[in-house]
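# Observations on the three-dimensional arrangement
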Amino acid sequence: MLKKLKKAALARSLWIYHVAASPCNNCDIEILDLLTPRFDVERFGLLLAASPRHADLLLVTGMVNKKVLDRVLRVYAQIPKPCVVAAVGSCAISGDLFVDSYNFAGPLDKHIPVDVYIGGCPPKPEAMILGVMRAIEKLKKLKDL
Amino acid sequence: MAALERKVIPIGPFHPLQEEAEYFKLTVEGEKVVGLDIQLGYMHRGHEKICEGKTYDQIPFVVERICGICSTSHPFACVQAIEDAAGIEIPPRAAYIRTIVGELERIHSHLLWVGLAGHFLGYNTVWMWAWKYRESVLEISELITGNRNHYAMFKPGGVRRDIEGGMIPPLLQVLDDADKKILMLTKAVLDDPVLHKRLEGVGVLTPEMAVEYSVVGPTARASGLAIDVRKDDPHAAYDWIEWEEIVLHEGDVFAKAKVRLLECLESTKIIRQCVQKLKDLPEGEIDAHMERGPDGEGIGRYEAPRGEVFHYVKGDGSLYPSRYKIRAPSSMNIKSNEVAVLGGSVADAAITLAAVDPCYCCTERIAAFNTKGKLLYTWDDLVKLSQEKTARMGGGS
Ligand code: SF4
């Protein structure tokens, strides 16, 4: 009973923490754009959290570089589990055109488990909403919730 | 009264304030800020080196991805540098199209800043408004260029896509709406007594300090320095049309906000004239083809929404450049925060730090780290190392 309630509550009130792991800023701006009147994802109960300790969904943008990697791992460690991780943008998924960079620490899923991939450079806001909805479905299916 | 204890407030690298990862160390005595240390490097991606492995046609795509907000400014300076090195003249049609795309970007970038500034102050209404109006500018950009940001419009020698007749009526419609809404926003922001109280006299950058720190863009123009590459070193279509440079003298955050809002209105003016001229021009070439890679050096400058961007390219006649160098406006502007926040209260620090519209993605420099991710040299250490080397070589004092 309690479990059911927890699941229903979580699916309708997902808190997001956003990590900018060396992006070009565009993915990040588009994420913020989601909160503004045109797309308004708050209607799905999504809220940007100020601290990773309050978050259920981690959005990572950008090609993870060597300096920021340590911080990304630390943020991931701070998020209460179970959580879902979404790689937003081609950078986080594969490195995009930065694969040749001397500062590239490898795609995100090499470092932390990624549940949802949202492709595009930058992904369109509609694609991001779809990705977040997938993340919610995934969270609902988790057994140990 | 005993002297207040000095405390250090670490901000970042991930903080809810800005979406970019940066690390500030604010030293405070009670409420007063007495020191600021900025550590960059969380966003360094090594663009200059990547550019050296790409052909001239590919480089605009790479530099576009330096920053998602000024994603036209970097290619703008880049293609000009390459054209300068190769000695190519672009067709007039391409010049007008470049100007239109550049100014559309300026409008959305300034609106973005106004919104974020409102958010930092706790005025989320301003944020929502400004971003709502910005959306229509993004949409028209999508119509013209095919993408909301990262337009991929520019190539050495011209532009990739033409602005066709059918695109012009919706563009003009958006400009009319934008004008009305920006005017309304400007009035709302300028007439608001709370914003006046909150922003006037805050984070003042005096003209002397502005010169000292070599600030550029709206930050400089709010401090009374009339510098604007579009006027000082006209390129594309900027000297074929009428527009004004906005210069204010107060140097505080309020002036910076005002400069940006007024510049948006100038931008719509510029776009309207360009569209008119574009209509009068016969359909024609939009691309002066570049046959070979340039042999020699070239520079390109463009007034990005945040100030002057500078690109340098050196070619050896092959398809790839042998050296590529970029200087983004924020590298100078961010440094000026060191004086702007000093003496202010902690509560004003956020808006002061944000007032220069910092874009860290553009600015990132590399710092030396050991394998555990610990900083090996701070700025002071680097200066010391450099001075020691000079001393070793028998120079310096
Ligand atoms: S995926 Fe594209 S838009 Fe997103 S951070 Fe990377 S370069 Fe920027």
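It should be emphasised that the depicted structure is a prediction, and the values quoted were computed from it without experimental measurement.

Within the structure, the ligand sits among Pro23, Cys24, Asn26, Cys27, Gly89, Ser90, Cys91, Gly120, Cys121 and Pro122 of chain A together with Arg65 and His150 of chain B. Nearby residues around the ligand are contributed by chains A and B. Elements with a contribution of two residues or more to the shell around the ligand: helix H2 (26-35) and helix H4 (89-94) of chain A. Counting residues per element, the shell around the ligand draws most heavily on H4 of chain A, at three residues. Here the shell around the ligand is built from residues that sort into six nonpolar, five polar and one charged.

Residues and elements named next belong to chain B. Scanning the entire structure with this criterion turns up 27 salt bridges over all chains. Among the salt bridges present, the one from arginine 221 reaches glutamate 263, with a minimum N-O distance of 2.6 Å. In this pair, arginine 221 sits in helix H9 (residues 217-221) while glutamate 263 sits in helix H11 (residues 253-280), placing the two residues 42 residues apart along the sequence. On the accessibility criterion, arginine 221 (0% relative accessible area) is buried. Ionic pairing is found between arginine 221 and glutamate 303, a salt bridge with its closest N-O pair at 2.9 Å. Pair noted here: arginine 221 is in helix H9 and glutamate 303 is in strand S6 (residues 295-304), with a separation of 82 residues, a long-range link.

Next up on the list: unusual backbone geometry. Here lysine 81 of chain A and proline 82 of chain A are connected by a cis peptide whose omega angle stands at 0°. With respect to the helices, strands and loops of the structure, proline 82 of chain A is situated in the loop between helix H3 (66-78) and strand S4 (84-88). In this chain, cysteine 121 of chain A is followed by proline 122 of chain A through a cis amide linkage whose omega measures -10°. Among the structural elements, proline 122 of chain A can be located in the loop between strand S5 (116-118) and helix H5 (125-141). Of note in this structure, aspartate 40 of chain A is not a glycine but carries a positive phi near 45°. Among the structural elements, aspartate 40 of chain A can be located in the loop between H2 and strand S2 (47-48). Judged by relative accessible area, aspartate 40 of chain A falls into the partly exposed class, the value being 29%. A positive phi angle, near 50°, is found at serine 214 of chain B, a position not held by glycine. The class of serine 214 of chain B is partly exposed, set by a relative accessible area of 41%.

Right, let's get into the nonpolar core. Leu57 of chain A together with Ile100 of chain B are the most contacted members of the largest nonpolar core, which totals 117 residues. A total of 16 residues in this core trace back to one element, the largest contributor, which is helix H4 (residues 92-121) of chain B. With near-sequence residues (within four places) excluded, leucine 57 of chain A lies in contact with Leu14, Trp15, Ile16, Tyr17, Val84, Ala86, Val132 and Ala135 of chain A. Of all hydrophobic cores here, the second largest spans 25 residues; its members include Val19, Val75, Val85 and Ala105 of chain A.

Taken residue by residue, the interface counts 44 residues in chain B and 39 residues in chain A. Across the chain B-chain A interface, the total number found is six salt bridges. We note a salt bridge from arginine 134 of chain B to aspartate 33 of chain A, for which the minimum N-O separation is 3.6 Å. Joining chain B to chain A, the criterion identifies seven residue pairs in polar contact (both at pLDDT 80 or more). Elements with a minimum of two residues in the side of chain B that touches chain A: helix H1 (47-52), helix H2 (59-64), H4 and helix H5 (124-145) of chain B. Considering every element that reaches the side of chain B that touches chain A, the biggest residue donor is H5 of chain B, with nine residues.

This part covers the packing of H4 of chain B against helix H6 (residues 168-191) of chain B. Residues and elements named next belong to chain B. With their axes 13 Å apart at the nearest point, H4 and H6 run at an angle of 30° to one another. The orientation of H4 with respect to H6, classified from their angle, is roughly parallel. For the pair H4 and H6, the sense of crossing is left-handed. Between H4 and H6, the contacting residues are Ile100, Leu104, Ile107, Leu111 and Val114 on the first element and Leu171, Ile182 and Leu185 on the second. Tallied by class, the residues present in the contact of H4 with H6 amount to eight nonpolar, no polar and no charged.

Scoring rules and cut-offs
Residues numbered from 1 in each chain as written. Chains lettered and ligands numbered in written order. Predicted model: local features only at pLDDT ≥ 70, side-chain atom pairs only at ≥ 80, totals over all residues. Heavy atoms only, no water. Near = heavy atom within 4 Å. Helix = DSSP H or I, 4+ residues; strand = E, 2+ residues; numbered from the N terminus. Nonpolar A, V, L, I, M, F, W, Y, C, P; charged D, E, K, R; others polar. Salt bridge = Lys/Arg side-chain N within 4 Å of Asp/Glu carboxyl O. Buried < 20%, exposed > 50% of the residue type's maximum accessible area, 1.4 Å probe, protein only. Core = buried A, V, L, I, M, F, W, Y, C linked by side-chain atoms within 4.5 Å. Contact = heavy atoms within 4.5 Å. Polar contact = N/O pair within 3.5 Å; in protein donor to acceptor, adjacent residues only side chain to side chain. Axes fitted to C-alpha atoms, helices over the stretch in contact; angles between N-to-C directions. Parallel < 35°, antiparallel > 145°, perpendicular 65-115°, else oblique. Left-handed = near helix turned anticlockwise from the far one by under 90°.

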